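# Remarks on the overall topology
So you can see what is in the structure, the chains are spelled out below.
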Amino acid sequence: MAIKIFIDQGHNPTNPNAGAEGNGLREQDLTFEIGILLAELLENDPNYEVRVSRPSLETQLGTTNAQSLRIRTDEANNWGADYFISLHANASSIASASGSEGYVYSLGGAAEQLAENILVGLTASTGLPDRGVFARPTLYVLRKTRMPATLIELGFITNSGDAALMSENPQLFAQGIYNGLNRYFGLA
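Residues numbered from 1 in each chain as written. Predicted model: local features only at pLDDT ≥ 70, side-chain atom pairs only at ≥ 80, totals over all residues. Heavy atoms only, no water.

The next thing to look at is the nonpolar core. In this structure, Ile-5, Ile-7, Leu-42 and Leu-154 are the most contacted members of the largest nonpolar core, which totals 40 residues. At the level of secondary structure, the elements contributing two or more residues to this core comprise strand 1 (3-9), helix 1 (27-43), strand 4 (48-52), strand 5 (83-90), helix 3 (110-126), strand 8 (149-156), helix 5 (160-168) and helix 6 (170-184). For this core, the leading source of residues is helix 1, giving eight residues. Ignoring any residue separated from it by four or fewer positions in sequence, one finds Leu-42 in contact with Ile-5, Ile-7, Tyr-48, Val-50, Tyr-178 and Leu-181. Listed in part, the eleven residues of the second largest apolar core include Trp-79, Ala-81, Val-141 and Ala-149. (Core = buried A, V, L, I, M, F, W, Y, C linked by side-chain atoms within 4.5 Å. Buried < 20%, exposed > 50% of the residue type's maximum accessible area, 1.4 Å probe, protein only. Helix = DSSP H or I, 4+ residues; strand = E, 2+ residues; numbered from the N terminus. Contact = heavy atoms within 4.5 Å.)

Let us now look at the environment of Arg-146. Topologically, Arg-146 is positioned in the loop between helix 4 (140-143) and strand 8. On a C-alpha basis, the gap between Arg-146 and Tyr-83 in space is 8.9 Å, while along the polypeptide they are 63 residues apart. Apart from the residues lying within four places of it in its own chain, the contact partners of Arg-146 are Asn-77 and Asn-78.

What follows is about the packing of helix 1 against helix 6. Relative to each other, helix 1 and helix 6 sit at 45 degrees, their axes nearing to 8 Å. Between helix 1 and helix 6, the interaxial angle falls into the category oblique. Our pair here, helix 1 against helix 6, has a crossing hand that is right-handed. Together, Glu-33, Ile-34, Leu-37, Leu-38, Leu-41 and Leu-42 of helix 1 and Pro-170, Gln-171, Phe-173, Ala-174, Gln-175, Ile-177, Tyr-178 and Leu-181 of helix 6 make up the contact between the two elements. (Axes fitted to C-alpha atoms, helices over the stretch in contact; angles between N-to-C directions. Parallel < 35°, antiparallel > 145°, perpendicular 65-115°, else oblique. Left-handed = near helix turned anticlockwise from the far one by under 90°.)

Spatially, six strands are ordered 4-1-5-8-6-7 in an open sheet, and the strand pairing comes out mixed. Pairing within the sheet leaves two strands with one partner each, and these edge strands are strand 4 and strand 7 (130-135). Averaged over neighbouring strand pairs, the angle between their axes works out to 20 degrees when direction is ignored. One ladder, built from four bridges, connects strand 6 (residues 100-104) with strand 7; its direction is parallel. Bridged to Val-104 within strand 7 is Ala-135. Docked against the sheet, helix 3 engages strand 5, strand 6, strand 7 and strand 8, running at close to 25 degrees with respect to strand 8. (Pairing = 2+ DSSP bridges.)

Worth remembering: the numbers are spatial, not functional.
Structure representation (structure tokens):
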């Protein structure tokens, strides 16, 4: 039986719920591209079934921030996803801040292990630092999903190196997450 992975490409093309910007790039464009590349890898692997929250770059989810987030979690819950992965790009006022990190509803469960494995895959693929996994029970997509869920901050859009890597080599991020999933499920 295929493992059902729901990929949420964070943010919308325009407000409400547009993402961070930095180095001439927009978070919602980076997460869209990396999510589509990841979905293609999963679709070509019989171990997985996959859905994405934004099938096209123009897909706008909801007319309010709350609605946008609810649509994402409702889709995953209604589909009966086994795992939920929300892709984001981090931002910081410290231009040197770099690396990938994961957020989960609470530490100590399947979601934390999933996030840890994804970060291992990302670091091996991209060379960016693994900044660790943190509990963020206030995040809507982690609170309202009925399956293990993680929000992955791929890299810092405000760091010129991270931003260039996400923009110019999005396949490294998709491959890293895919490798991390295989590692988590013992398929590597």
